Every structure is written in structure tokens, then in C-alpha cells.
Amino acid sequence: MNNIRKNRLKDQAFKIWGIFCTLLGLVLLAVFIGNILIDGIMRIDWAFVMNLPSRHAEESGIYTALMGSIWVLLLTTLIALPVGIAAAIYLEEYSKKNKLATILEVNISNLAGVPSIIYGLLGLEVFVRIMEMGASVLAGSFTLALLILPIVIVSTREALKAVPKSIRDASFAMGASKWQTVYHQLLPASFGGILTGVILALSRAVGETAPLIVIGALAYVPFAPSSPMDEFSVLPIQIFNWITRPQHGFVENAAAAIIILLLITFVMNGIAVYFRNKWQKKFK
Amino acid sequence: MGKKKKESVIESSIKRKYKLQAKDVKVWYGDFMAIKGISMDIKPNKVTAFIGPSGCGKSTFLRLFNRMNDYVDGFKMDGTINIDDKDINDKDINVELLRKQVGMVFQKPNPFPKSIFENVAYGLKIQGLKDKTFLEERVESSLKQVALWEEVKDDLNKNALALSGGQQQRLCIARTLAVEPSIILMDEPTSALDPISTAKIEELIYQLKDKYTIVIVTHNMQQASRISDNTAFFYLGDLIEYDKTNKIFTNPEKKQTENYITGRFG
Ligand SMILES: Nc1ncnc2c1ncn2[C@@H]1O[C@H](COP(=O)(O)OP(=O)(O)OP(=O)(O)O)[C@@H](O)[C@H]1O
Ligand SMILES: [Mg+2]
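Residues numbered from 1 in each chain as written. Chains lettered and ligands numbered in written order. Predicted model: local features only at pLDDT ≥ 70, side-chain atom pairs only at ≥ 80, totals over all residues. Heavy atoms only, no water.

Draft legend 1. Structural view of the environment of B:R67. Residue and element names in this part refer to chain B. In this structure, R67 sits in the loop between α2 (58-62) and β4 (75-83). Residues R67 and A22, spaced 45 residues apart in sequence, show a C-alpha to C-alpha distance of 13 Å. Not counting chain neighbours up to four residues away, the residues in contact with R67 comprise I88, N89, D90, I93, V95, L98 and R99. In terms of polar contacts, R67 uses its side chain to reach the side chain of D70, at 2.9 Å. Among the polar contacts listed, one links the side chain of R67 to the backbone oxygen of I88, at a separation of 2.9 Å. (Helix = DSSP H or I, 4+ residues; strand = E, 2+ residues; numbered from the N terminus. Contact = heavy atoms within 4.5 Å. Polar contact = N/O pair within 3.5 Å; in protein donor to acceptor, adjacent residues only side chain to side chain.)

Draft legend 2. Region of interest: the interface of chain A and chain B. Of the residues lining the interface, 20 residues belong to chain A; the matching set on chain B comes to 22 residues. When chain A packs against chain B, the two sides together hide about 1800 Å² of surface, and 62% of this comes from carbon and sulfur. Applying the counting rule to chain A against chain B returns 4 residue pairs in polar contact (both at pLDDT 80 or more). Elements that contribute at least two residues to the side of chain A that touches chain B include exactly α7 (165-173) and α8 (178-205) of chain A. Among the elements that line the side of chain A that touches chain B, the one with the most residues is α7(A), at 8 residues. (Buried area = accessible area lost by both parts, 1.4 Å probe.)

Draft legend 3. Molecular detail of the domain arrangement of chain A. All names here are of chain A. Along its sequence, chain A is organised into domain 1 (2-43) and domain 2 (47-282). Computed over C-alpha atoms only, the centres of domain 1 and domain 2 are separated by 31 Å. The interface of domain 1 with domain 2 comprises 7 residues on the first partner and 13 residues on the second. Carbon and sulfur atoms make up 74% of the area that domain 1 and domain 2 hide from each other, which totals about 800 Å². Considering only the side of domain 1, the residues that lose the most area to domain 2 are I36, D39 and R43, jointly responsible for 67% of the buried surface there. Across the domain 1-domain 2 interface, the total number found is 0 salt bridges. (Domains from an automatic or database assignment. Salt bridge = Lys/Arg side-chain N within 4 Å of Asp/Glu carboxyl O.)

Here it is as C-alpha cells:
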């Protein structure tokens, strides 16, 4: 009897502790967002989105940084998507399951944990200097593409793994080659999962600051990039730059820009969740 | 001595030309020996049933004929498998072409998550055949052969996964027929189905043997005796007895066979 009561008490205690832990992050985030909203929401208008940066906080806008972010996002997608998916298909469907494959696998997972500033240094050396791209949108995109490649590869492999073996069997038994099976069956069946992984990876890329600062992305660029070889800034760098200014007006600007950056990542995550749910239903 | 006897039993049933031949076939998965040296001939336009307790190697042996074991990790094979007197493990054999000739139906219906039409047309499409009327004709005739046409002709664009299990299995057979194989391998094709669907598939198999050589693995003794002409009894990676179905079920040579078919073990 006594024991049962004790266990029940423990149960209750853990439940409350669990709820507290669950809410901890969420509550803090909510407080932070609330603060930011109070500081910045009034600052957001069409002019703020469309204005070039300026010395005067009230006239300043995020146009160049926003365009920079969009350029980087698109180019990063173009680079990371085909490379990551091809690598995942190779690892999952073609490579023999031997020692080498295990080593590759472990290392790709490790890559996902390498600090992003290291990727920045790599990008600086390889893309900016050796390949002479300069501190361009292209160099930034290659750097971020490398950064998210492990995530794309791992999530694509997971999506391919989730396709039932019976579908592979059926396709091979019909006389399909490996590539035909990948192209006609596995990719369509895992499309939702791949997309989810890619979007999540990109929403990480859009918030990255350190590696882009390392390769030399600027805090102040007078114009939005018009080609991949142009100099650029991105939203997080712009935010960082504004926060370090002493005048109060720039703090408001930073808060407003943060709201927009958060909005972008939330929307991307939302799309990812939507595709994941839709895709999961297909196999149930 | 015992070995000699077994071979003479096997030879007794062989009079005509052979469609499939296995010669002293051994199979390993890693260190485990799953097939321990089987020789066997299978006649054209007959239904041959493989029976035997779970894990005795029926599926493994069946999958040798369309080389579906090739992708299995640790798989190793010794001996020869001939189809129409051609060694299918030869270097010059194109596995994709082989599988167009040797169709396979699986235990669990496994239609592609695509439309009914796409399912049946898949084998033709991957061969590069694109002509729409040709594809439509072939889809129709294949679905008619499996008696599914009347049930689905109005919604060929419906997702195949929306069909019942029995319909799905007939669809899978139609998909196999569409590429006009000469051999169909079936691995327990009705074990996941209800009795009515099972009866339909058995009826179908009976009709198909005019045009195809059929090898079927089954755990259902009645099914084996109903639909097959010859029956092979496997036990622990060996072929114990192979003869006319009638003989196997009424007067088997081996004690083990008798024990198995009368349900005394396995
Ligand atoms: N991929 C594999 N890797 C390792 N061992 C395997 C593999 N496939 C089958 N085996 C082993 O080989 C033996 C024969 O298996 P197989 O699937 O051919 O038996 P079966 O007669 O078809 O059995 P069932 O009636 O249960 O389908 C079994 O002992 C099984 O454990
Ligand atoms: Mg089996």
C-alpha cells in the first residue's frame, strides 16, 4: 500500500517536472518573441522592406539584405539539392554495405555536427581564394550548400529507407534496372520526405551568419545583388550590424528584421511539416 | 546408396523437354548454407509446386530463377541454373531481360503506389514502349486475363492501393503478364488472401498454364494438390522428393514426405 502511494507520488512529481521542462524552451521563446514584437512590429511597413540601408535609422530598410538572403537561398538549393540527393541515392541504393560504406556513413553524420564557422573558413579558402570567387553570392552559396549537404543527405536516405522493400522487389522483378527503380518508384515515393529534409536544411541555412561573415559577406552593401558574382549581405548579418549600433532607432530596425527572418523560417518549417504529414499518410 | 535412389526418383518423372533446370545448386547466406545441392528439372506448361516446412529454402530456390537473390547481402551460389538450356548466371546474360522473361508474384500483394493503368503498363514503359494505343490494348488484355477488367475498367486511373487485397494480387499478376513472360514464379501468392480471392487466383493459375510455365511455392497442401502437376518437397535445404503431384500426395516414396503432407511435422 505504502509503496504504491510512493510510486504514485514519484509519478506525479516526474509529470510536473516533465511539463516544466517541456515548457521551458517554449516559454522563453514566447517571451523573447513578445519582446521583439513590441520593439519592432510598428517599424515594419512596405518602405522598411523596400528601402536600401542608410545612415539614418528611420530611412533604413532591409531590401539589400533580404534580396541577398533570397539569392543565397536559391543558389544554395540549386547546388545542395542535386548533389545531396545523388549522394544519398548512391549511398542507399548503389554502394555495397561494407566497411567503407560504414565509415562514409559515420563521417557524413559527423559533418552535420561540425561548427558552421569551420565551414566558413573552408569556404574562404576554397571558394573565395583558390577558386577566386571573391566574397560573392556564389561563394556564400557554395559554403552554405556544403554546410547543409549532410542534412540533405541524411534526410534523403531516411526517406529512401522508408520506401517498403516490396516496391523495390516488384520493380526489379518487372525487369527494371536500378536507375529505373530509383527514378520511377523510389524518388516519387520518397519525394515528400526528401522535400521536408531539404526545406528544414534551407531554413537552417537562411539563419546562418558566422560562415558568411568569415567568407567576407558585408554588413553594408549599397545595392541588391544582380548576379551570382556580386557582393552581398544577408538578413542575419544586417540584424547583427544594427544591434551593434548605439542609436535607439537601429534597435527597432533590428527587431523588425528579426520578425521578418523568423517569419521566413516559420513559414519554411510549416511547409516542411505540411509535406511530411501528407507524405506519411501515403504509406499508412 | 540413398543418394542414388533419390536421383532415380527424380528422373522417373522426366520425359519431356525442360524449361528450367537446376544442376547441383548450392546457396549460402554468409556462412549459412540454405540450399545444399539441388538438381531439378521443371517442365514447360506445367504447374510445379514447391512445398516444405518454413525455412527449408523454397523461396531462396525459387528466387534463383529470376536472380532476385543477387541483391541480398552475403548471398553466394554454386552450380548452374538453366532456362531453355541457357545458363542464366553467364556473364553475357542481361538480368533485366531475364526478368522480363521470368515474371514473379510475391506473397504480399505489392502494387506500386500508382494508378491501376500505370501498374500494368510499368513493365512495358520501362522497356521504352510509349505508343498509347498499344499500352491501352495490352493493359486491357492483361486485366482481362486475370478477370479484373470488368471490376476496374471504369477507373483505371484509381490508385492501385485502393483495391482489395485479392484485387491487388490479381493486378500484380496482370502486371507480370503484360510483359509476356514465359515463366511465372509465385511465392505463396494466396497466403495473404481470403478464400474467395484464393479460389479466383487458383482458377487463374489453372488457365495460365496453357501459355506459361508456373512454379508456385505454397504452404497449403490442398492448394498444391488442386492446382499443380508436379510437386517438389523440400526439407532443410535439400530436395527430398519430386514427382507427379498425384503420386506425392497418394503414395510418396519417402517417409519424410509422407509425414509432412499428412501434417505430422512442419
Ligand atoms: N536474406 C537472408 N539472409 C540470411 N539468411 C536468409 C536470408 N533469406 C533466407 N535466409 C535463410 O535461409 C533459409 C531458407 O529461407 P527461405 O526464405 O528460402 O525459406 P522458405 O522455405 O521460403 O520459408 P517460408 O516457408 O517461411 O517462406 C532460412 O533458414 C532463412 O533463415
Ligand atoms: Mg518463403
